[in-house]
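Listed below, chain by chain, are the residues.
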Amino acid sequence: SADALFHLVRSGFANIPDPRCEDVDISLTDTLMSAFAMFSLKAPSLLAFDKERAEGNLHTIYGIQHVPCDTYMRERLDPVSPGWLRPLFTSVFRQLQRGKALEAMQFLDGHYLLALDGTESFSSQTIHCAACLHRVHRNWSITYTQQMLGAALIHPDQRAVIPLVPEPIMNRDGTDKNDCERNAAKRFVAKLRQDHPHLKCIVTEDSLSSNAPHIETLQDYALHYILGGKEGDHAYLFQQVQAAEHAGHVSYYERHDRAARVVHRFRFVNQVPLNAANADVRVNFIEYWEIGQTKVQHFSWVTDLRVSQRNVYQLMRGGRARWKIENETFNTLKNQGYHFEHNYGHGEQHLSVVFTMLMMLAFLVDQAQQLCCALFQAVWAKLGSKRLLWERMRALFYTYALASMRQLFEALLYGLKKPTPVFGFDSTSSPAMPSVTAFHSTTRRLSSGVGTVLPQAHPKSVFRKTSEYC
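Residues numbered from 1 in each chain as written. Predicted model: local features only at pLDDT ≥ 70, side-chain atom pairs only at ≥ 80, totals over all residues. Heavy atoms only, no water.

1. Quick word on the pairing of strand β11 (residues 282-291)
We apply this condition: The cut-offs for exposure are 20% and 50% of the maximum accessible area for each residue type, with area from a 1.4 Å probe on protein chains only; residues under the lower value are buried, those over the upper are exposed, and the others partly exposed. By definition, any uninterrupted DSSP run of H or I lasting at least four residues is a helix, any uninterrupted run of E lasting at least two residues is a strand, and each is numbered from the N terminus. Paired strands, as defined in this entry, are two strands with at least two bridges between them according to DSSP.
For β11, the tally of buried residues reaches 7 of 10 residues, placing the bulk of the element in the interior. With 8 bridges connecting them, β11 and strand β12 (residues 296-303) associate as antiparallel partners. Counted as the bridge partner of Glu287 is Ser300 from β12. Joining the antiparallel neighbours β11 and β12 is a turn of 4 residues.

This is the structure we're talking about:
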């Protein structure tokens, strides 16, 4: 549930050392939790969060004692090392493991499908720091960017994804050459094995990753793989497959889906060289055609898992599920209320990366609820879209006094109790005008009604605000 996860996140923030040694008015734990609450509530900007913040609910729901202003938040978070946020992701992940929630995410023989891909988190032609990547254009203008390597556990049959700690793609001190996705992948798999030494994973990536150095890195860390392999990028590989076909070593398999009116056609071969320069790197090759009534789609992959008619269909589904890192992860962050492409602050040291990781942490908490919390699932099903869910959630959060996120979700699911005002009349007054005493008596009765969420406003606004959200 959200309340238990918020408590877990706050406990993790309390273990992060404060870079400032002097006395401060607002603790680093409160500052980190405030930034997390901003992303949890899907605030469109830091200034909007500062203007609309509800101190009472931030205290009762997120455990924040003092909420910093936008400028103070940037100053306090800029020197925080992104590495200190890694245990937060690990603690949430281990709670999912202990609760058996990840069993539904297992893909093949107890292995999880791990999708990796890079995305851009910051871009500007003016704002930059020493860690920014440089992109020089033909007119000699420069675009400064920061990117990250995203990672998530996915499953072809599950809408939820479980994001892991992203790896920033950024220039290090003393380096002149831009950092790249391949170097970030090396750092990521090394840290993955430190955090999860026994996690069984099958890595799935696009065709740019199916090169010998990256495959050797995955093998060094005991990671299986299903990597895209396009003919334009791997001409030698396709020549070897063609030679194997002429020698009669290629296998074929066809599967008909009569309900969808689709034919699945496969061609596969095991143990072929990846390229001429690395003939000792042997891979298993899968080529697939999806033949529908109006169009034909073609895909191909390389893998270290031995391919047979028994598992080729499942391996194909794993390779195609790679798009979930784009659709259910990056697309959700960019287009479904998280404002991933908004610049919340760049800073001089780590601010941009810290904000990106806190947004991913809020996304992980939301995905954990989507996978496990029946109340969250019911509210999402009722409202129909996450964007509408976030809007209704913020509307209640900023207007009514709430004791927990559970109370907020229950109000969204069941609706607020709509009162029926009953007025007493004074025989000495006009028949059309209720007495003031009767009005305040009715107000008190509404405020004490069972199931009514109390508004943070003047008692005279009870009628308007209670009816507004019914």
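2. Details of the packing of helix α6 (residues 86-98) against helix α12 (residues 351-372)
Inclusion rule: Lines fitted to the C-alpha atoms define the axes, with helices restricted to the stretch that makes contact. Angles between their N-to-C directions range from 0 to 180 degrees. Oblique is the label for any angle not covered by the other classes, which are roughly parallel (under 35 degrees), roughly antiparallel (over 145) and roughly perpendicular (65 to 115). Whether two residues are in contact is decided by their heavy atoms: any pair within 4.5 Å suffices.
Two numbers describe how α6 lies on α12: the axes approach to 10 Å, and their chain directions differ by 5°. Regarding the angle of α6 to α12, the classification is roughly parallel. Two secondary-structure elements touch here, α6 through Leu88, Phe89, Val92 and Leu96 and α12 through Met357, Met360, Leu361, Leu364, Ala368 and Cys372.

3. Focus on the pairing of strand β9 (residues 251-257)
As defined by bridge partners, β9 adjoins strand β10 (residues 262-273) across 7 bridges and the pair is classed as antiparallel. The residue bridging Tyr252 from the neighbouring strand is Arg267, located in β10.

4. Observations regarding helix α15 (residues 405-414)
Among all positions of α15, only Met405, Leu408, Phe409, Ala411, Leu412 and Leu413 are buried. In this structure, the buried side of α15 is in contact with α1 (2-13), α4 (55-62), α12, α13 (374-383) and α14 (386-397). Two residues or fewer past α15, Gly415 is found with a positive phi of approximately 85°.

5. Quick word on the packing of α1 against α6
Put simply, the test is: With the far helix as reference, a near helix turned anticlockwise by less than a right angle produces a left-handed crossing, and one turned clockwise produces a right-handed crossing. Lys, Arg, Asp and Glu make up the charged group, whereas Ala, Val, Leu, Ile, Met, Phe, Trp, Tyr, Cys and Pro make up the nonpolar group; the residues left over, Gly among them, are polar.
Their axes nearest at 9 Å, the elements α1 and α6 cross at an angle of 145°. Every pair of crossing elements has a handedness; the one defined by α1 and α6 is right-handed. Residues Leu5, Leu8, Val9, Gly12 and Phe13 of α1 lie in contact with α6, whose contacting residues are Leu88, Ser91, Val92 and Gln95. Class assignment for the residues of the contact of α1 with α6 results in 6 nonpolar, 3 polar and no charged.

6. Details of the confidence of the model for the protein
For clarity, the cut-off: The predictor's confidence in any single residue is recorded as pLDDT, a number from 0 to 100.
Residue-level pLDDT values for the protein average 86, and 87% of them are 70 or greater. Contacts from residues 429-470, a stretch scored under 50 in pLDDT, to residues over four places away or in other chains number 60 contacts.

7. With respect to the environment of Glu181
Looking at the element boundaries, Glu181 is found in helix α7 (residues 181-195). Considering only alpha carbons, one finds Glu181 and Gly118, 63 residues apart in sequence, at a separation of 6.5 Å.

8. What about the packing of aromatic side chains?
Here is the rule: Only Phe, Tyr and Trp rings are paired, with Trp represented by its six-membered ring, and only when their centres lie within 6.5 Å; those with planes under 30 degrees apart are stacked, over 60 edge-to-face, the remainder tilted. To sit over a ring, a charge needs its Lys NZ or Arg CZ within 6 Å of the ring centre and within 35 degrees of the ring normal.
This model, assessed by the stated rule, comprises 18 aromatic pairs. An angle of 40° between the planes, with centres 6.3 Å apart, marks the rings of Phe376 and Trp390 as tilted. You can see Phe376 sitting in helix α13 and its partner Trp390 sitting in helix α14, a full 14 residues away along the chain. Neither residue differs from the other here; Phe376 and Trp390 are each classed as buried. An aromatic cluster of at least three residues, connected via ring pairs, comprises Phe6, Phe13, Phe36, Tyr62, Phe397 and Tyr398. The ring of Tyr313 has Arg255 lying over it, and the distance from NZ or CZ to the ring centre is 3.8 Å. The cationic tip of Lys386 hangs over the ring face of Trp380; the distance from NZ or CZ to the ring centre is 4.9 Å.

9. Considerations on the nonpolar core
To be explicit about the condition: Residues belong to one nonpolar core when they are buried, are Ala, Val, Leu, Ile, Met, Phe, Trp, Tyr or Cys, and are joined through side-chain atoms within 4.5 Å.
Counting residues in hydrophobic clusters, the biggest one holds 142 residues, and the most contacted among them are Phe13, Tyr62, Leu77 and Phe409. Element by element, the count of residues in this core is highest for α12, at 15 residues. Those residues in contact with Tyr62, other than ones at most four positions away along the chain, are Phe6, Arg10, Met33, Phe36, Ala37, Ser40, Leu41, Asn57 and Phe397.

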